[in-house]
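Each chain, letter by letter, is given below.
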Amino acid sequence: MTVLSTETWSNLAAWRPPPRRIPWPALVAIAYAAVQLAFVVPHLGLGWDETVYVSQVDPRHPAAYFSAPRSRGISFLAAPVLAATGSTTVLRVVLALLSAAALYAAYRVWQPLLSPGRTALAALLFAGLWTTLLYGPQAMPNLWVALSAVAATGWFLRAVRPRARRRALLGLGAMVAAATIFRFSDGIWLALPLLAACAIVPAWRRPAPALAVVAGLVVGSAQWIAEAYVRWGGVGARLHLSSATEGGMGAHWAGGMAWRSLNGPLLCRPCHVRLTHPELTLWWLALPVVVLIACVLARRTGYGAVTLLPVACAAALSIPYLLLIDYSAPRFLLPAYALLALPLATLSAHGVQSVCRPQLRTLAAGLVAVLLALHLSAQYQILDRNAADARATADRYRAAADNLRRLGLTTPCLVGGAHAQPIGYYADCASANVGGNNRDTTAHTLLRRAAHEPTAVLTRTRSGPPPYARTWSPHPLPGTGLTAYLPPPHYTS
């Protein structure tokens, strides 16, 4: 029988299990899901672009016109839910939970590169933005591009390490593919700085990471390219039509529009809005300055690669939305915000830790916490206002659809003109446009269809009927600002 010494017993009595670390990244993801479910999901109907994406895979509604610039990734993501139910609330809940899980997974990739605390802070900085919260449960691609870009950049930095594991290369390729599936052009802009880094940095000049990026780009773009040949006659033709749909891609400075529309409207096209509440945009104006400081200090603090590469990818993903289009929307820069949150979190943590005296360090940490709390509270105010605007817009679409049903439009039916796509979706009708960015038919074809199925052409009340519907009877749609023009009984084209 072994007798334990007094010293051994003393050591056993003094032993305490190691303290459990607080899972901060997981808590941020849980809080992100909770805020979405509490403040965004309830009563939020489908917006214009959502009805286009959702209708592609919803068996209960005719598919709306899918324009050349769009990609089908978000439709694929929503398809399993829509196959089971047509409930918008269920779709919202599922997307909210998925986006929270994706937030955790994307920033979790960075924990070996930074630390759990810094990655959690980066995730909180991004998740706390009103745009991130508003679009989490929506069937829109920008947030998913953002999270794919964060994960892809993290996997890239892990893949270029000596003796990197194969899963880093697989993760890199998969995340580049995901970003490209959700938005083809954004996938291209993400891949460019990653490939450039492989060529510029001597330690990263290995074929495996570059091949993973290229493979992800090829896989992610395959469907978009195939559709380009099937519907438009080739990639060049689709890109040309995409440019025309966007208003002509070219040298356009959209930074001022992005700033003015930072707190809404959700789509600024044409963008002639005035800046409201400029005090709530100070963080946006300070962002490039703080990022520049982070880049300058990156090498000195030992965080060169993990700072400079996210900044380079964020800059590349911002180019089309700041320099190439003449309109703006707050969601466009979500990928840039998601990537820039990483160096901002690193800079904040380093700034606090660099304070030598414990009392001053506590004071610095408290100051950072107060600034973060003020920023998050301001973001909540903007979220509340924009969520209400989104609900009001969806309610107008729903009211217009209800009025059309009372006017006799029943499936199969056709809605044309202003807001035809979302209102057609709510009315269970097909949609068509003879002009504008979503032109997909001609007046002659629309008239021919009107001879065989219930049809309504919508215009703004003060605009009057389109030329091809001058003899049709007007029916104002109360509470919508629209007038529906219906053909006379027994109409023939």
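In this text, all values refer to a predicted model and were calculated from it rather than measured experimentally. (Residues numbered from 1 in each chain as written. Predicted model: local features only at pLDDT ≥ 70, side-chain atom pairs only at ≥ 80, totals over all residues. Heavy atoms only, no water.)

Q: How would you sum up the packing of helix α15 (residues 304–323) against helix α16 (residues 334–353)? Please name residues and give values.
A: α16 packs onto α15 with a crossing angle of 165° between their chain directions and a minimal axis gap of 8 Å. On the basis of their axis angle, the class for α15 and α16 is roughly antiparallel. When the axes of α15 and α16 are compared, the crossing they make is left-handed. Where α15 approaches α16, its residues Thr307, Pro310, Val311, Cys313, Ala314, Leu317 and Ser318 are matched on the opposing element by Pro335, Ala336, Leu339, Leu340, Leu342 and Pro343. Classifying every residue of the contact of α15 with α16 by side-chain character gives 11 nonpolar, 2 polar and no charged. (Axes fitted to C-alpha atoms, helices over the stretch in contact; angles between N-to-C directions. Helix = DSSP H or I, 4+ residues; strand = E, 2+ residues; numbered from the N terminus. Parallel < 35°, antiparallel > 145°, perpendicular 65-115°, else oblique. Left-handed = near helix turned anticlockwise from the far one by under 90°. Contact = heavy atoms within 4.5 Å. Nonpolar A, V, L, I, M, F, W, Y, C, P; charged D, E, K, R; others polar.)

Q: Before we move on, can you summarise empty space enclosed by the protein with the specific residues and values?
A: Scanning all chains against the criterion turns up 4 cavities of 30 Å³ or more. In this structure, the largest cavity encloses a volume near 60 Å³. Around the largest cavity sit Ala294, Leu297, Ala298, Thr301, Tyr303, Thr307, Pro343, Thr346, Leu347 and His350, which together line it. Looking at the lining of the largest cavity residue by residue, the class counts come to 6 nonpolar, 4 polar and no charged. The space that makes up the second largest cavity amounts to roughly 40 Å³. Considering the residues around the second largest cavity, the lining is formed by Ala258, Ser261, Leu262, Trp284, Ser328, Ala329, Pro330, Leu333 and Tyr337. Here the residues of the lining of the second largest cavity are counted per class, giving 7 nonpolar, 2 polar and no charged. (1 Å grid on protein atoms, 1.4 Å probe; cavity = no way out; pocket = protein on both sides within 12 Å on 5 of 7 lines; lining within 4 Å. Points joined across faces, edges and corners; volume = space filled by probe spheres on them.)

Q: Provide a residue-level description of the sheet that holds strand β1 (residues 414–417), including the pertinent values.
A: Ordered in space as β2-β1-β3-β5-β4, the 5 strands form an open sheet in which the pairing is mixed. A strand with exactly one partner marks an edge of an open sheet, and here the two such strands are β2 (430–432) and β4 (473–477). Each strand of the sheet is rotated relative to its neighbour by a mean of 30°, with strand direction disregarded. Here helix α17 (residues 358–406) sits on the sheet and contacts β1, β3 (455–460), β4 and β5 (482–486); the angle it forms with β4, its principal contact strand, is near 140°. Relative to the sheet, helix α19 (residues 443–450) contacts β1, β2 and β3, its axis offset from that of β3 by approximately 130°. (Pairing = 2+ DSSP bridges.)

Q: An account of the pattern of salt bridges is needed here, citing residue identities and associated values.
A: The full count for this structure, using the stated rule, is 11 salt bridges. With a shortest N-O distance of 3.9 Å, Asp186 and Arg183 are connected by a salt bridge. The same class applies to Asp186 and to Arg183, which are both buried. For Arg405, the salt bridge is made with Asp402, and the minimal N-O distance between the two is 2.7 Å. With Arg405 and Asp402 both in helix α17, this residue pair falls 3 residues apart, about one helical turn. Since its relative accessible area comes to 31%, Asp402 is described here as partly exposed. Residues participating in the shared-partner salt-bridge network are Arg72, Glu227, Arg231 and Arg238. (Salt bridge = Lys/Arg side-chain N within 4 Å of Asp/Glu carboxyl O. Buried < 20%, exposed > 50% of the residue type's maximum accessible area, 1.4 Å probe, protein only.)

Q: Describe in detail the packing of helix α14 (residues 282–301) against α15, supporting the description with residues and values.
A: Running from amino to carboxyl end, α14 crosses α15 at an angle of 145°, the nearest separation of the two axes being 8 Å. Considering the relative orientation of α14 and α15, their crossing is left-handed. Note on element contacts: α15 touches α14 through Gly304, Thr307, Leu308 and Val311, opposite Val291, Ala294, Cys295, Ala298 and Arg299. Looking at the contact of α14 with α15 residue by residue, the classes come out as 6 nonpolar, 2 polar and 1 charged.

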